[in-house]
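# Overview (structure and organization)
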Amino acid sequence: VREQSTAAVLAELLTVLDDIDRAKEHGEVVGGFKAVAASLDAVISKLGLEQFGEAGDRFDPNIHEALTHSESAEVTETTCVQVFQPGYRFAGRIVRPARVGVADPAP
């Protein structure tokens, strides 16, 4: 039961984590807010929430949600080429799939 309640709380925090990630991308995490963001990252890591999904990852429909699709001569297997939103897992379960753009090898 404790694991389920922790998972529910962490799932609710995903939008906050997304907002912080967007702020980091734009260089807006500075001053006191930078310390708060770092503290939040430390707490969620300690609780066991893991972020995943990187450009270059092999596409796995079990953990990735493909939002765009293309072909590329630069890949040899279906590959995540862009990450729109990272995925998260907790206690071995997917809380949210990574939302990605994928490319198949060009024919």
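Residues numbered from 1 in each chain as written. Predicted model: local features only at pLDDT ≥ 70, side-chain atom pairs only at ≥ 80, totals over all residues. Heavy atoms only, no water.

## Some details on the overall build of the protein chain
When its secondary structure is counted, the protein chain shows two helices and six strands. With the C-alpha coordinates aligned to their principal axes, the bounding extent of the protein chain is approximately 50 × 40 × 15 Å. A total of 107 residues make up the protein chain; the buried ones form 30% of that total. In the protein chain, the proportion of contacts linking residues at least 24 apart, taken out of those at least 6 apart, comes to 66%. Of the roughly 6,800 Å² of accessible surface on the protein chain, a fraction of 52% belongs to carbon and sulfur atoms. Charge centroids of the protein chain, computed over 10 positive and 17 negative side chains, lie 9 Å from each other. (Helix = DSSP H or I, 4+ residues; strand = E, 2+ residues; numbered from the N terminus. Buried < 20%, exposed > 50% of the residue type's maximum accessible area, 1.4 Å probe, protein only. Contact = heavy atoms within 4.5 Å. Areas by Shrake-Rupley, 256 points an atom, 1.4 Å probe, with all protein chains shown as cover. Lys, Arg positive; Asp, Glu negative; His and termini not counted. Charge placed at Lys NZ, Arg CZ, Asp CG, Glu CD.)

## Description of unusual backbone geometry
At Ala-91, a position not held by glycine, the phi torsion is positive, near 55°. Mapped onto the elements, Ala-91 comes out in the loop between strand E4 (87-90) and strand E5 (93-96). Exposure remark for Ala-91: the relative accessible area of 41% places this residue in the partly exposed category.

## Some thoughts on the sheet that holds E4
Ordered in space as E1-E4-E5, the three strands form an open sheet in which the pairing is antiparallel. Only two strands of the sheet have a single neighbouring strand rather than two, namely strand E1 (49-52) and E5. Within the sheet, the average angular offset between the axes of one strand and its neighbour, ignoring direction, is 35°. Sheet topology places E4 next to E5; three bridges connect them, and they run antiparallel. Across the sheet, the residue bridging to Arg-89 is Ile-94, located in E5. (Pairing = 2+ DSSP bridges. Axes fitted to C-alpha atoms, helices over the stretch in contact; angles between N-to-C directions.)

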